[in-house]
Amino acid sequence: MKNHPTSGGRDAFRSRWGFKLACIGSAVGMGNIWMFPSRVSAYGAVFLLPYILFVALIASTGVIGEMAFGRAAGGGPIVAFGEAARRRTGSRRWGEALGLVPVAGSLAMAIGYSVVVGWLLKYAADALTGAWLENRGVEAFDAAFSSAASAWGNNLWQTAAVVIAMVIMALGIGGGIEKANKVMMPLFFCLFLGLAVYISTLPGAGAGYRYMFLMDPAGLLDPMVWVYALGQAFFSLSVAGNGTLIYGSYLSREADVPASARTVALFDTLAAMLAALVIIPAMATAGETLSRSGPGLLFIFLPNLFREMPGGPVIMAVFFVAALFAGMTSLINLFEAPIATVQEKFRLSRLAAVGAVGAVGLAASLAIQGIVSPWMDVCSIYACPVGALLAGVFFFWVWGKADCLSQVNLARRKPLGSWFYPLAKYAFCGVTVIVLVMGAIKGGIG
């Protein structure tokens, strides 16, 4: 796989599967682990149908668009938006100014996500050393997590998490990000698959499977099933005008973008299903149903559940190491857009840009530990859909139909059908508006 021929010597992914695994790593994150199982638990198998429909829609429009947009422009959001603006009006400035929005959103998300990955690193270390064994009951795990999640409560592990991410990123796209994802993503799937198989052997797990796969069609009449399925699919696929776009800018012209988007959607969905196949049956073995989501599920209720299960220490260690891999690959993706932007705008070396953004990100993330939940709510409710909408508008409306289709179909034996462009231009951009509006009304839908 060759570097982008117009990239001016920019680093690039060295293989198509390296690119795909990096994009899968960016998509697979906490939403797959702590949100998807709770949605399935709340609505049952009926949730899966609209979720898969929305995954298909977003992957076949928005994900393809962001990958192709980045590759076409050979740069991050500021470069891509600026080039689209130049093509339409002759001036780059207004496009570059709007390109700052998804870059800032990516940095803000990375700052908040650093806190979460710091928790994951701490829990993975505690599980591997057996330090969590002294906890007895939900109250003990609640107290332990409350301490770690308080202001300045997890400085050491959070610093370590950011440093690890920055070391990987300093090694470059092919030598760092690609290699790390080639290790962490296969291990994530293997570890979660192993957990799913083990839990299937435990008494009572069958009740969880019955709940997951028995469908009541009447549930499709509940509009919130569709709203939350849309939110889950949208946020899980990481369309925000930043991470997928910047990874696309490192992609060769010989790669089939729609095929890559399908692969990312498939494995992201598999990751969510694996998480559900671990967590929902695990709750059923204790005679409980999943009623919590978010950090409370991951860091309080599941550790207490694992403590009571046969082989609890091993299950806890495997679970949190796998979750750490998912969190770390997503964190790396979130930091890449601001790092690439600093390189592009200030002509800094990769190492200098990583150091500058890493220092800012670490300082800010340490400072927001006590308010990370509202911080992430603002980012997800507003920054992500606005970034995705801007990227969709610039590529599908501003860039121009002929050039858009040329970039999307580059290296394909058979071009996408006539359905693609209107679906992307109207349906996908419309979906981003719906996600933004419903998220603001409901206080978050993904």
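Residues numbered from 1 in each chain as written. Predicted model: local features only at pLDDT ≥ 70, side-chain atom pairs only at ≥ 80, totals over all residues. Heavy atoms only, no water.

## Observations regarding the overall build of the protein chain
Which entries qualify depends on this criterion: Counting from the N terminus, the helices are DSSP H or I runs at least four residues long and the strands are E runs at least two residues long. Here the globule rule is a power law, 2.2 Å times the number of residues to the power 0.38, and the radius of gyration is based on C-alpha atoms. Contacts were defined at the residue level, with two residues in contact if any of their heavy atoms lie within 4.5 Å. What sets the accessible areas is the Shrake-Rupley method with a 1.4 Å probe; for residues, cover comes only from the shown protein chains.
From N to C terminus, the protein chain includes 18 helices and zero strands. Its C-alpha atoms give the protein chain a radius of gyration of 21 Å, within 12% of the compact-globule value 22 Å for 446 residues. Counting only C-alpha atoms and orienting by the principal axes, one finds that the protein chain spans roughly 65 × 50 × 40 Å. Within the protein chain, contacts between residues separated by at least 24 positions form 84% of all contacts whose residues are at least 6 apart in sequence. By element, 66% of the accessible surface of the protein chain is carried by carbon and sulfur atoms, the whole surface being about 16500 Å².

## What to know about the packing of helix H2 (residues 30-43) against helix H12 (residues 257-285)
Worth spelling out the cut-off: For helices, the fitted axis covers only the stretch in contact; all axes are lines through C-alpha atoms, and the angles between them, taken along N-to-C directions, range from 0 to 180 degrees. For this classification, under 35 degrees means roughly parallel, over 145 means roughly antiparallel, 65 to 115 means roughly perpendicular, and everything else is oblique. The handedness criterion is simple: a crossing whose near helix is rotated anticlockwise from the far helix by less than a right angle is left-handed, and one whose near helix is rotated clockwise is right-handed. Residues are sorted three ways: Asp, Glu, Lys and Arg are charged, Ala, Val, Leu, Ile, Met, Phe, Trp, Tyr, Cys and Pro are nonpolar, and all the rest, Gly among them, are polar.
Where H2 contacts H12, the axes come no closer than 8 Å and their chain directions differ by 70 degrees. Accordingly, the angle class assigned to the pair H2 and H12 is roughly perpendicular. H12 is crossed by H2, and the crossing has right-handed handedness. Each of Asn32, Ile33, Phe36, Pro37, Val40 and Ser41 in H2 lies in contact with H12, whose residues at this interface are Asp268, Ala271, Ala272, Met273, Ala275, Ala276, Ile279 and Ile280. Looking at the contact of H2 with H12 residue by residue, the class counts come to eleven nonpolar, two polar and one charged.

## Thoughts on the packing of aromatic side chains
Filter applied, for reference: Aromatic contacts are taken between Phe, Tyr and Trp rings whose centres are within 6.5 Å, Trp giving its six-membered ring; a plane angle under 30 degrees counts as stacked, one over 60 as edge-to-face, and the others as tilted. Only protein chains enter the accessibility calculation, which uses a 1.4 Å probe. A residue is then buried if its area is under 20% of the maximum for its type, exposed if over 50%, and partly exposed in between.
With the rule as written, the count across this model stands at 33 aromatic pairs. Here Phe69 and Trp399 contribute two aromatic rings whose centre-to-centre distance is 5.5 Å and whose plane-to-plane angle is 75 degrees, an arrangement assigned as edge-to-face. On the criterion of sequence distance, the pair formed by Phe69 in helix H3 (residues 48-73) and Trp399 in the loop between helix H16 (372-398) and helix H17 (401-408) is long-range, its members being 330 residues apart. Neither residue differs from the other here; Phe69 and Trp399 are each classed as buried. In this structure an aromatic cluster arises from ring pairing among Trp17, Trp119, Tyr123, Phe145, Phe188, Phe189, Phe192, Phe267, Phe299, Phe306, Phe319 and Phe320.

## Re helix H1 (residues 16-27)
What counts here: By definition here, a helix of n residues has an expected span of 1.5 Å times n minus one.
If you check H1, its first and last C-alpha atoms are 17 Å apart, about what twelve residues at 1.5 Å a residue would give, namely 16 Å. Most of H1 sits out of view: ten of its twelve residues are buried. The complete set of buried residues in H1 reads Gly18, Phe19, Lys20, Leu21, Ala22, Cys23, Ile24, Gly25, Ser26 and Ala27.

## Side note on the confidence of the model for the protein chain
Threshold: pLDDT: the predictor's confidence for each residue, scored from 0 to 100.
Across the protein chain, the average pLDDT comes to 91, with 97% of residues at 70 or higher. Every residue in residues 1-7 is under pLDDT 50, and counting partners more than four places away or in other chains gives 16 contacts.

## Remarks on the nonpolar core
We apply this condition: In this text, buried Ala, Val, Leu, Ile, Met, Phe, Trp, Tyr and Cys residues form a nonpolar core when linked through side-chain atoms within 4.5 Å.
The biggest cluster of nonpolar side chains holds 157 residues, and the ones touching the most others in it are Ile33, Phe188, Leu298 and Phe319. Of all the elements, helix H14 (residues 312-346) adds the most residues to this core, at 20 residues.

## Concerning the side chain of Ser114
What counts is decided by this rule: For the purposes of these results, a polar contact is taken to be a pair of N or O atoms within 3.5 Å, where, inside protein, one atom must be able to donate a hydrogen and its partner to accept one; residues adjacent in sequence count only when each atom of the pair is a side-chain atom.
One can find Ser114 in helix H5 (residues 93-129). Looking at Ser114, the relative accessible area reads 0%, which means it is buried. A distance of 2.7 Å separates the side chain of Ser114 from the backbone oxygen of Ala110, its partner in a polar contact. Those residues in contact with Ser114 that sit more than four places away from it in its chain are Gln158, Val162, Leu331, Phe335 and Ser365.

## Concerning the pattern of salt bridges
Spelled out, the test is: A side-chain nitrogen of Lys or Arg and a carboxyl oxygen of Asp or Glu constitute a salt bridge if their distance falls within 4 Å.
On inspection of all chains with the given rule, the structure shows eleven salt bridges. The salt bridge involving Arg86 is made with Glu83; its shortest N-O contact spans 2.6 Å. With Arg86 and Glu83 both in helix H4 (residues 77-89) and three residues apart, the pair spans about one turn of that helix. We classify Arg86 as partly exposed; its relative accessible area is 36%. By relative accessible area, Glu83 is classed as buried at 16%. Glu96 is paired through a salt bridge with Lys345; the nearest N and O atoms lie 4.0 Å apart.

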